[in-house]
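One letter stands for each residue in the lines below.
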Amino acid sequence: DSEQAGVAFTADPSTGAPDRVVIEGAFGLGEVVVSGADEPDTYIVSKETLKPLDIRVGHQSIKIVRGADGHDSAVNLDDGVADSRVLDDDELRSIAELAIATERHNGCPQDTEWALAAGRTYLVQSRPVTTLPTASSDSHTVLVRGLAAAPGKVTGKVRVLQSPHEGNQLLDGEILVAPMTNPDWLPTMRRAAALVTDTGGMTCHSAIVARELGIPCLVG
């Protein structure tokens, strides 16, 4: 029954940089982060110093907690909590240390899930990072700002869809814009040239699937 939870990559999933840990976190259970249902905090932590290099505080409108019956329960957050920082520097350090130790043990970059409860940091899951891009120094004019979850360049018509049931409207090569995605979106995502979602972070379902499919993805 975690107080905060999320994901930690031991290499930057959007650039491939191996010298940092990318941590995304939310209040409550980690389902909010991995599903992309809300916008988590994103922290980039130096592997060498374990200090934050960059902090992006997301707007988290809900948190998921363990209900009295043992099932997930959504709780609305007031504005003060919704826009507050999820993790302090000490908590970031404990998560980064655990992620780095997991990478060292497995011998390759890791995609880990973590949880904080009663002052302790728990490793919930770890697996090898499936795809890592090569870092790029290209600079461009910013037209829309979010999190670059999967790299690439593409052009195409934009198709805005609200649910996977509308997937038949997407034509091959169009850019899919959606509030968020879950596994039901996969057949549509396979035909998209790129993906843009309103919510989610670099470690949510949309981002991971986009990297595995090799299509550019912008979240948040």
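See the structure printed just above.
Thresholds applied
- Residues numbered from 1 in each chain as written.
- Predicted model: local features only at pLDDT ≥ 70, side-chain atom pairs only at ≥ 80, totals over all residues.
- Heavy atoms only, no water.
- Core = buried A, V, L, I, M, F, W, Y, C linked by side-chain atoms within 4.5 Å.
- Buried < 20%, exposed > 50% of the residue type's maximum accessible area, 1.4 Å probe, protein only.
- Contact = heavy atoms within 4.5 Å.
- Pairing = 2+ DSSP bridges.
- Helix = DSSP H or I, 4+ residues; strand = E, 2+ residues; numbered from the N terminus.
- Axes fitted to C-alpha atoms, helices over the stretch in contact; angles between N-to-C directions.
- Right-handed = clockwise from strand over helix to strand, strands pointing away.
- 1 Å grid on protein atoms, 1.4 Å probe; cavity = no way out; pocket = protein on both sides within 12 Å on 5 of 7 lines; lining within 4 Å.
- Points joined across faces, edges and corners; volume = space filled by probe spheres on them.
- Nonpolar A, V, L, I, M, F, W, Y, C, P; charged D, E, K, R; others polar.
- Polar contact = N/O pair within 3.5 Å; in protein donor to acceptor, adjacent residues only side chain to side chain.
- Expected span 1.5 Å × (residues − 1).
- Lys, Arg positive; Asp, Glu negative; His and termini not counted.
- Salt bridge = Lys/Arg side-chain N within 4 Å of Asp/Glu carboxyl O.

Within the largest apolar cluster, 29 residues are counted, with the highest numbers of intra-cluster contacts made by Leu176, Trp185, Met189, Leu195, Cys217 and Val219. Residues within four places of Cys217 in sequence aside, it is in contact with Leu147, Ala148, Ala149, Ala150, Leu195, Ser206, Ala207 and Ala210.

Turning next to the sheet that holds strand E7 (residues 110-117). Strand order across the open sheet formed by 6 strands is E4-E3-E2-E1-E7-E8, with antiparallel pairing between neighbours. Each having just a single partner strand, strand E4 (52-56) and strand E8 (120-128) make up the two edges of the open sheet. The sheet shows a mean angle of 20° between the axes of neighbouring strands, taken without regard to direction. As paired strands, strand E3 (residues 41-46) and E4 are joined by 4 bridges and run antiparallel to one another. Directly across from Tyr43, in E4, lies its bridge partner Ile55. Against the sheet, helix H3 (residues 89-106) engages strand E1 (4-9), strand E2 (20-27), E3, E4, E7 and E8, with an angle of about 140° to E7.

What follows concerns the environment of Val45. The topology assignment puts Val45 in strand E3. Classification of Val45 by relative accessible area gives buried; the value is 0%. Along the primary structure Val45 and Glu212 are separated by 167 residues, whereas in three dimensions their C-alpha atoms are 24 Å apart.

So, on to the pairing of strand E11 (residues 175-178). With burial as the criterion, each face of E11 is covered, one bearing Ile175 and Val177 and the other bearing Leu176 and Ala178. Looking at chain direction, E11 and strand E12 (residues 194-197) are connected through 4 bridges and run parallel. Looking at the pairing, Leu176 lines up with Leu195 of E12. Each parallel crossover has a hand, and the one from E11 via helix H4 (residues 186-191) to E12 is right-handed.

What follows deals with helix H5 (residues 205-213). By the criterion of burial, H5 is predominantly enclosed, with 7 of the 9 residues buried. Among the residues of H5, those classed as buried are His205, Ser206, Ala207, Ile208, Val209, Ala210 and Arg211. The positive-phi residue at the C-terminal boundary of H5 is Gly214, with phi of around 80°.

With that settled, the discussion passes to empty space enclosed by the protein. For the structure on display, the rule yields 1 cavity of 30 Å³ or more. Together, Phe9, Asp111, Arg127, Pro128, Val129, Thr130, Thr131, Ile208 and Arg211 line the largest cavity. For the lining of the largest cavity, the residue count by class is 4 nonpolar, 2 polar and 3 charged.

A few words now on the side chain of Thr181. Within the secondary structure, Thr181 is located in the loop between E11 and H4. The exposure class assigned to Thr181 is buried, which follows from its relative accessible area of 0%. A polar side-chain atom of Thr181 sits 3.4 Å from a polar atom in the side chain of His205. A distance of 2.4 Å separates polar atoms of two side chains, one belonging to Thr181 and the other to Ser206.

The terminal C-alpha atoms of H3 lie 26 Å apart, and with 18 residues this matches the ideal 26 Å at 1.5 Å per residue to within 8%. Those residues of H3 that are buried are in contact with E1, E2, E3, E4, E7 and E8. Capping of H3 at its N-terminal end is provided by Asp88; its side-chain oxygen lies 3.1 Å from the backbone amide nitrogen of Asp90. The positive-phi residue at the C-terminal boundary of H3 is Gly107, with phi of around 80°.

Mapping Glu24 onto the fold places it in strand E2. This buried residue, Glu24, is left without a salt bridge; Arg56 holds the nearest opposite charge, at 6.8 Å. A polar atom in the side chain of Glu24 sits 2.7 Å from the backbone nitrogen of Met202.

Moving on to the pattern of salt bridges. Tallied over the entire structure, the rule returns 7 salt bridges. Among the salt bridges present, the one from Asp19 reaches Arg20, with a minimum N-O distance of 3.0 Å. Residue Asp172 pairs with Arg191 through a salt bridge whose shortest N-O separation is 3.9 Å. One end of the pair, Asp172, is in the loop between strand E10 (158-160) and E11; the other, Arg191, is in helix H4, with 19 residues separating them in the sequence. The exposure class of Arg191 is partly exposed, given its relative accessible area of 29%.

Functional significance is not addressed by these values, which are geometric in nature.
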